[in-house]
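Structural overview for review
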Amino acid sequence: MTPSTAQRPQMSVEDFEELARRAPRNVRLEFINGRVRTKAPLSVEDFEELEHRSPETVRLEYINGKLEVKAMPDGKHRSIYMWLVRQFLLHRPDLDLVPESGVKAEAYRKGRARTDAALAPVDHFVEHGEWSETDGILMALEITSHDRDTDQRDRIDKPIGYAEADIPIYLLIDRENNTITVFSEPKDGRYQQSPSYAWGATVEIPSPVNITLDTEKLKDYAD
């Protein structure tokens, strides 16, 4: 990998120290090999309190009962998101592609995932708090970052978590492989369809999204 695409640790020592200082008394954190872990099992309630207290530079998720740190987006990540916003404004102006949406994922809504964006009808999230129920969300979007946990989190855990929460579509834009994967038809906690396309292909996103993407522009954001 080039220096620009090398996998990064979850967070800096300075961010960890600030997070640990703000953590609730009963949440004990440790920082090992660039990863943040809890010394004891973490409940959903403790996670939400920790996340509420975390510094602005730290984005936390609760995946498979474990604390996870989501990398801050870089310039190409943000540019890919804005490209998608323009596509949906053009083809589906009745929908909002809302960035940084926290959702109650996984079986029984026990997970807390911070999507790169969630697609829903205009103003769907107006009365929502920090973590939204997934009813009414049509699509979850993730754009991979160059952190060491991307493979497990975005390619393995989140397809399961979003399918278990019955989000109809999970769109994964994979910057390491230069592919776009469309997960659809959730059933029994798994997506039944998950075709992948190379950047530049014409991609059909099925119902209930019903949009065709010409992904040629994504080649401009290859690392």
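Residues numbered from 1 in each chain as written. Predicted model: local features only at pLDDT ≥ 70, side-chain atom pairs only at ≥ 80, totals over all residues. Heavy atoms only, no water.

1. Section: unusual backbone geometry
- The linkage connecting S207 with the following residue, P208, adopts the cis geometry, with an omega of 10°.
- Assignment of secondary structure puts P208 in the loop between strand 13 (202-205) and strand 14 (211-214).
- Of note, N64 is a non-glycine position whose phi angle comes to about 50°, a positive value.
- As for its placement among the helices and strands, N64 is situated in the loop between strand 3 (59-63) and strand 4 (66-70).
- Take N64: its relative accessible area is 48%, and that puts it in the partly exposed class. (Helix = DSSP H or I, 4+ residues; strand = E, 2+ residues; numbered from the N terminus. Buried < 20%, exposed > 50% of the residue type's maximum accessible area, 1.4 Å probe, protein only.)

2. Examining helix 3 (residues 75-91)
- When the terminal C-alpha atoms of helix 3 are compared, their 25 Å separation across 17 residues agrees well with the 24 Å that a helix rising 1.5 Å per residue should span.
- Listed as buried for helix 3 are H77, I80, Y81, W83, L84, V85, Q87 and F88.
- Against the buried residues of helix 3 lie strand 5 (95-105), strand 6 (111-121), strand 8 (139-143), strand 9 (169-174) and strand 14. (Expected span 1.5 Å × (residues − 1). Contact = heavy atoms within 4.5 Å.)

3. Some points on the environment of E49
- Looking at where E49 falls in the secondary structure, it is placed in helix 2 (residues 44-53).
- Taking relative accessible area as the criterion, E49 reaches 31% and is therefore assigned partly exposed.
- For the pair formed by E49 and A23, sequence separation is 26 residues and the distance between their alpha carbons is 8.0 Å.

4. Focus on the packing of aromatic side chains
- This structure, assessed with the given rule, holds 6 aromatic pairs.
- Plain terms: the ring middles of F47 and Y62 are 5.4 Å apart, the flat faces sit at 25° to each other, and that makes the pair stacked. Highlighted residues: F47 in helix 2 and Y62 in strand 3, separated in sequence by 15 residues. Neither residue differs from the other here; F47 and Y62 are each classed as buried.
- Members of the aromatic cluster, each reached through a chain of ring pairs, are Y162, Y170, F183 and Y191. (Phe/Tyr/Trp six-rings, centres within 6.5 Å; stacked < 30°, edge-to-face > 60°.)

5. Examining the pattern of salt bridges
- Applying the stated rule across the entire model yields 25 salt bridges.
- Here E49 makes a salt bridge to R53, at a shortest N to O gap of 2.7 Å. With E49 and R53 both in helix 2, this residue pair falls 4 residues apart, about one helical turn.
- Residue R53 is classed as partly exposed on the basis of its relative accessible area, which comes to 36%.
- We note a salt bridge from R114 to E51, for which the minimum N-O separation is 2.8 Å. One end of the pair, R114, is in strand 6; the other, E51, is in helix 2, with 63 residues separating them in the sequence.
- Its relative accessible area of 6% is what places R114 among the buried residues.
- Bridged by salt links that share partners, the residues E61, K70, D116, E142, D147, R153, D154 and K158 form one connected network. (Salt bridge = Lys/Arg side-chain N within 4 Å of Asp/Glu carboxyl O.)

Without other data, these values stay purely geometric and don't point to any function.
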